[in-house]
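# Residue-level structural notes
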Amino acid sequence: MAVYRLFKNKAFEPEAIAAMTRAYTDVCRTLGLSDRDRPQANAVAKKVIEFAQRGERDPVRLREHVLQALRS
């Protein structure tokens, strides 16, 4: 999925973008989302950005935060 386009305009260092992209991919895979599921995938990306803006940089923890937020 082309999530990088959503992350590139934010103020994140390359390492953070790599972690965010990994978390995004993992969440989408877990939820069974594909490129055709654009609204849901965008919601995932926005949650990843939200938690990254709070300072989370670990892709596993990012994934868990996003999954928890989406399931609540």
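Shown above is the structure to which this text applies.
Let us look at the structure shown here. Here the structure is a predicted model, which means the values were calculated and not measured.

## Describing the overall build of the protein
- The number of helices and strands found in the protein is 4 helices and 0 strands.
- N-terminal to C-terminal, the α/β element order of the protein is α-α-α-α.
- By the burial criterion, 35% of the 72 residues in the protein qualify as buried.
- When the accessible area of the protein is evaluated, it comes to approximately 4500 Å², of which 48% is carbon and sulfur surface.

## Some words on the environment of Ala19
- As for its placement among the helices and strands, Ala19 is situated in helix α2 (residues 14-31).
- Residue classification places Ala19 among the buried residues on the basis of a relative accessible area of 9%.
- Taking the C-alpha atoms as reference points, Ala19 and Val48, 29 residues apart in sequence, are found 9.7 Å from one another.
- Those residues in contact with Ala19 that sit more than four places away from it in its chain are Arg57, Pro59 and Leu62.

## Concerning α2
- Here α2 contains 18 residues, and its C-alpha end-to-end distance of 26 Å stays within 8% of the 26 Å for a straight helix at 1.5 Å per residue.
- The set of residues buried in α2 consists of Ala16, Ile17, Ala19, Met20, Ala23, Tyr24, Asp26, Val27 and Cys28.
- Phi turns positive one or two residues past the end of α2, at Gly32, with a value near 70°.

## Concerning the pattern of salt bridges
- Counted according to the given criterion, the structure contains 8 salt bridges.
- Between Asp26 and Arg29 there is a salt bridge, and its shortest N-O distance comes to 3.3 Å. Of this pair, Asp26 and Arg29 both sit in helix α2, 3 residues apart, which is roughly one turn of the helix.
- On the accessibility criterion, Asp26 (15% relative accessible area) is buried.
- Between Lys47 and Glu50 there is a salt bridge, with its nearest N and O atoms 3.3 Å apart.

## Considerations on the side chain of Glu56
- With respect to the element layout, Glu56 can be found in the loop between α3 (38-53) and α4 (59-71).
- Within the local environment of Glu56, its side chain forms a polar contact with the backbone nitrogen of Asp58, the two atoms lying 3.1 Å apart.
- When sequence neighbours within four positions are dropped, the list of residues in contact with Glu56 reads Phe51, Arg61, Leu62 and His65.

Conventions used here
Residues numbered from 1 in each chain as written. Predicted model: local features only at pLDDT ≥ 70, side-chain atom pairs only at ≥ 80, totals over all residues. Heavy atoms only, no water. Helix = DSSP H or I, 4+ residues; strand = E, 2+ residues; numbered from the N terminus. Buried < 20%, exposed > 50% of the residue type's maximum accessible area, 1.4 Å probe, protein only. Areas by Shrake-Rupley, 256 points an atom, 1.4 Å probe, with all protein chains shown as cover. Contact = heavy atoms within 4.5 Å. Expected span 1.5 Å × (residues − 1). Salt bridge = Lys/Arg side-chain N within 4 Å of Asp/Glu carboxyl O. Polar contact = N/O pair within 3.5 Å; in protein donor to acceptor, adjacent residues only side chain to side chain.

Limitation: the analysis is restricted to geometry and does not speak to function.
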